[in-house]
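# Structure assessment
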Amino acid sequence: QVQLVESGGGLVQAGGSLRLSCAASGRTFSSYVMGWFRQAPGKEREFVAAISWSGGSTYYADSVKGRFTISRDNAKNTVYLQMNSLKPEDTAVYYCAAELDLGYLDYEYGYWGQGTQVTVSS
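So, here's what we can say about the structure. This is a predicted model, so every value here is computed, not measured. (Residues numbered from 1 in each chain as written. Predicted model: local features only at pLDDT ≥ 70, side-chain atom pairs only at ≥ 80, totals over all residues. Heavy atoms only, no water.)

## Points about the overall build of the protein chain
For clarity, the threshold we go by: Secondary structure elements are defined from DSSP: runs of H or I of at least 4 residues count as helices, runs of E of at least 2 residues count as strands, and each element is numbered from the N terminus. Burial classification: accessible surface area is computed with a 1.4 Å probe over protein chains only, and a residue below 20% of its type maximum counts as buried, one above 50% as exposed, and the rest as partly exposed. Whether two residues are in contact is decided by their heavy atoms, any of which lying within 4.5 Å being enough. Reported accessibility uses the Shrake-Rupley method at a 1.4 Å probe radius. Residues are deemed covered only where the shown protein chains occlude them.
Each helix and strand counted, the protein chain has zero helices and eleven strands in total. Listing every helix and strand of the protein chain by position from the N terminus yields β-β-β-β-β-β-β-β-β-β-β. In terms of its C-alpha atoms, the protein chain occupies a principal-axis envelope of roughly 40 × 25 × 25 Å. Buried residues in the protein chain amount to 43% of all 122 residues. Considering only residue pairs separated by 6 or more positions, the protein chain has 57% of its internal contacts joining residues 24 or more positions apart. When the accessible area of the protein chain is evaluated, it comes to approximately 6200 Å², of which 47% is carbon and sulfur surface.

Listed below in structure tokens is the structure:
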């Protein structure tokens, strides 16, 4: 069982940066692939990034590649999403998710946080 709590969202101007954090409970955090998804108003939830249990492999959606960086600290049971060069189209509720295997679709993840709002103004 994994419980996830996101933080770090907010309002930022286009071109700015934010760092999201996702704190996990449970002693098996290091066993899980961690993912970030986002959902904009009126749109389906979409994959943003994922990181392997060791942190050695990372995966990104094309829309964020080169701007966002996912990382994790297994000693702190935390995964991060550093978001740079933010654009208005990045505005969404951002969710972290956990699962034992890598997936790119939301239904492939069994554990979810409550989400944190990111708003990018133009």
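There is more to say, and it comes next.
## What about the pairing of strand E3 (residues 18-25)?
The condition is simple: A strand pair is defined by DSSP finding two or more bridges across the two strands.
In this structure, strand E1 (residues 3-7) lies alongside E3, joined through five bridges in antiparallel fashion. Paired with valine 5 across the two strands is alanine 23, which belongs to E3. In this structure, E3 lies alongside strand E8 (residues 78-83), joined through six bridges in antiparallel fashion. Bridging across to E8, serine 21 finds its partner in tyrosine 80.

## What to know about the environment of tyrosine 32
On the secondary structure map, tyrosine 32 appears in the loop between E3 and strand E4 (33-39). Residue classification places tyrosine 32 among the buried positions, given a relative accessible area of 8%. For the pair tyrosine 32 and glycine 16, spaced 16 residues apart in sequence, the C-alpha to C-alpha distance is 30 Å. With residues up to four places along the chain from it excluded, the contact list for tyrosine 32 reads Gln1, Val2, Ser52, Trp53, Arg72, Ala98, Glu99, Leu100 and Tyr111.

## Comments concerning a nonpolar patch on the surface
Put simply, the test is: Nonpolar side chains (Val, Leu, Ile, Met, Phe, Trp, Tyr) within 5 Å and like charges within 9 Å form the patches, drawn only from residues with over 30% relative accessible area and no salt bridge. A pairing counts as a salt bridge when a side-chain nitrogen of Lys or Arg comes within 4 Å of a carboxyl oxygen of Asp or Glu.
Together, Leu102, Tyr104, Leu105 and Tyr107 line one region of the surface with nonpolar side chains, adding up to about 430 Å² of accessible area. Here tyrosine 104 lies in the loop between strand E9 (92-99) and strand E10 (111-112). Residue classification places tyrosine 104 among the partly exposed residues on the basis of a relative accessible area of 41%.

## Side note on the environment of tyrosine 59
As for its position among the elements, tyrosine 59 is in strand E6 (residues 58-60). The sequence separation of tyrosine 59 and glycine 103 amounts to 44 residues, and the corresponding C-alpha distance is 9.9 Å. Residue contacts for tyrosine 59: discarding those within four places in its chain leaves Phe47, Val48, Ala49, Ala50, Leu102 and Tyr104.

## A word on the packing of aromatic side chains
We apply this condition: Aromatic rings from Phe, Tyr and Trp, taking only the six-membered ring of Trp, are treated as a pair when their centres fall within 6.5 Å; an angle between ring planes under 30 degrees marks them as stacked, one over 60 as edge-to-face, and anything in between as tilted.
Counted according to the given criterion, the structure contains eight aromatic pairs. Taking 5.7 Å as the distance between ring centres and 80 degrees as the angle between the ring planes, the aromatic pair formed by phenylalanine 37 and phenylalanine 47 counts as edge-to-face. A residue pair is termed long-range when its members are at least 10 positions apart, and phenylalanine 37 in strand E4 and phenylalanine 47 in strand E5 (residues 46-51) qualify at ten residues. Both rings, one in tyrosine 59 and one in tyrosine 104, keep their centres 6.3 Å apart while their planes meet at 90 degrees; by these two values the pair is edge-to-face.

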